[in-house]
Amino acid sequence: FSPSSPSSRSPSSPARYVGAGAGSGPRTPGLDSPTPDEVSHPLPSVTQSLPPKLTTGPGTGTGMGKKSASQRQFELCTTLYKRRGGFGRNAENNWVKRCFTLHGPILCYYDTAILSESDPSRPRGRLNLSKEDTRAEMSTKYGTHSPTEFLVTLNLYVLGSKRKWELCCLNAGDQRKWYDALRVYDGPPVVD
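Residues numbered from 1 in each chain as written. Predicted model: local features only at pLDDT ≥ 70, side-chain atom pairs only at ≥ 80, totals over all residues. Heavy atoms only, no water.

**Student:** With reference to specific residues and values, describe the overall build of the protein.
**Tutor:** Within the protein, the regular secondary structure consists of two helices and eight strands. Going through the 192 residues of the protein one by one, you find that 44% of them count as buried. The long-range share in the protein, meaning contacts at least 24 apart out of those at least 6 apart in sequence, stands at 53%. (Helix = DSSP H or I, 4+ residues; strand = E, 2+ residues; numbered from the N terminus. Buried < 20%, exposed > 50% of the residue type's maximum accessible area, 1.4 Å probe, protein only. Contact = heavy atoms within 4.5 Å.)

Structure below.
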């Protein structure tokens, strides 16, 4: 078993992008409700303990030292800059600080930059990476008005079109962690 092999992905249903809040586009009945697989892999509760393999020491999380109880439920929980989509993409201030979490294949981001200021069960955007055709990219150059040079791009291929989540990390260490975690899910979902 290799976490980076395509066969390690769980069985797939049609590709889905689930987002909520302003700028995420129209909601599609049937696509925005969780699938039975997602119900069996819900976001963890704040009271769940951290699996032994996950890191909780200084230098992880938001870069502010020790993680809070709400952050310990995720493999990764970090403040990143996210480039806005839609009409906001071309605005002067098109990079917004958001808290990002990764729990298994579930990637979420929240309205605030700090998880303790958000409800972890209500993300602004949620993506099941095991059900998507994705490609992660990493670069160390300043993009279009990007706040740092530590870029990670997650390309999503949905129904013949390409979407992307552009993320700016606060440092090279976070950039490497996010890139390594996201590239595990590179490629199309495995269909049994």
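**Student:** Hey, could you go over helix α2 (residues 172-183) for me, with residue numbers and the actual values?
**Tutor:** Look at α2: 16 Å from first C-alpha to last across 12 residues, which is about the 16 Å you get at 1.5 Å a residue. By the burial criterion, the buried members of α2 are Asp174, Gln175, Trp178, Tyr179, Ala181 and Leu182. Taken end-on, α2 shows its buried residues confined to a sector of 165°, consistent with a single buried face. Of the residues flanking the start of α2, the one acting as N-cap is Asn171, its side-chain oxygen 3.1 Å from the backbone nitrogen of Gly173. (Expected span 1.5 Å × (residues − 1). Arc of directions from axis to C-beta. Polar contact = N/O pair within 3.5 Å; in protein donor to acceptor, adjacent residues only side chain to side chain.)

**Student:** Which residues make up the nonpolar core, and what values do they have?
**Tutor:** Phe100, Leu107, Leu129, Leu154, Trp165 and Trp178 are the most contacted members of the largest nonpolar core, which has 22 residues in total. Those elements that place two or more of their residues in this core are β2 (76-83), β3 (95-103), β4 (106-109), β7 (150-158), β8 (161-168) and α2. With five residues, the top contributor of residues to this core is β7. Beyond its immediate sequence surroundings of up to four residues, Phe100 is in contact with Leu76, Cys77, Thr78, Leu80, Lys82, Leu107, Cys108, Tyr109, Trp165, Leu167 and Trp178. (Core = buried A, V, L, I, M, F, W, Y, C linked by side-chain atoms within 4.5 Å.)

**Student:** Provide a residue-level description of the environment of Ala113, including the pertinent values.
**Tutor:** Topologically, Ala113 is positioned in the loop between β4 and β5 (125-128). Discounting residues that sit within four places of it in the chain, Ala113 has contacts with Thr79, Lys97, Arg98 and Cys99.

**Student:** Outline the packing of aromatic side chains, listing residues and values.
**Tutor:** Aromatic ring pairs are reported here in terms of the distance separating the ring centres and the angle at which the planes meet. The full count for this structure, using the stated rule, is four aromatic pairs. With a centroid separation of 6.5 Å and 70° between ring planes, the pair formed by Phe100 and Trp165 is classed as edge-to-face. Highlighted residues: Phe100 in strand β3 and Trp165 in strand β8, separated in sequence by 65 residues. The exposure classification of Phe100 matches that of Trp165, with both residues buried. (Phe/Tyr/Trp six-rings, centres within 6.5 Å; stacked < 30°, edge-to-face > 60°.)

**Student:** Which residues make up the state of the cysteines, and what values go with them?
**Tutor:** Disulfide: a covalent bond formed between the sulfur atoms of two cysteine residues. Enumeration over the complete set of coordinates arrives at zero disulfides. Cys108 takes part in no disulfide bond, and the closest cysteine sulfur, belonging to Cys99, lies 9.8 Å away. Given a relative accessible area of 0%, Cys108 falls into the buried group. For the unlinked cysteine Cys169, the closest cysteine sulfur is that of Cys168, found at 7.4 Å. (Disulfide = S-S within 2.5 Å.)

**Student:** Outline the side chain of Thr148, supporting the account with residue identities and numerical values.
**Tutor:** Relative to the helices and strands, Thr148 resides in the loop between β6 (133-140) and β7. Within the structure, Thr148 has its side chain in polar contact with the backbone nitrogen of Phe150 (distance 3.3 Å). Every residue in contact with Thr148, bar those within four places of it in the chain, is listed here: Tyr142, Cys168, Cys169 and Leu170.

**Student:** Would you mind going over the confidence of the model for the protein in detail, with residue names and values included?
**Tutor:** Reading predicted coordinates in detail is not appropriate for stretches of low pLDDT. Here the protein averages 72 in pLDDT, and 61% of its residues register 70 or above. A low-confidence stretch, residues 1-41 (pLDDT under 50), is modelled with 75 contacts involving residues beyond four sequence positions or located in other chains. Scored below 50 in pLDDT, residues 44-66 makes 32 contacts in the model with residues more than four places away or belonging to other chains. (pLDDT = per-residue confidence, 0-100.)

**Student:** I'd love a proper account of the pairing of β2, names of residues and values included.
**Tutor:** Burial analysis of β2 places eight of its eight residues in the buried class, which makes it a mostly covered element. Alternating positions in β2 separate into two faces, Leu76, Thr78, Leu80 and Lys82 on one and Cys77, Thr79, Tyr81 and Arg83 on the other, with burial throughout. Taken together, the eight bridges between β2 and β3 define a ladder with antiparallel strand orientation. Bridged to Arg83 within β3 is Trp95. By the bridge criterion, two bridges tie β2 to β8 in an arrangement that is antiparallel. Pairing of Lys82 across the sheet is with Leu167, part of β8. (Pairing = 2+ DSSP bridges.)

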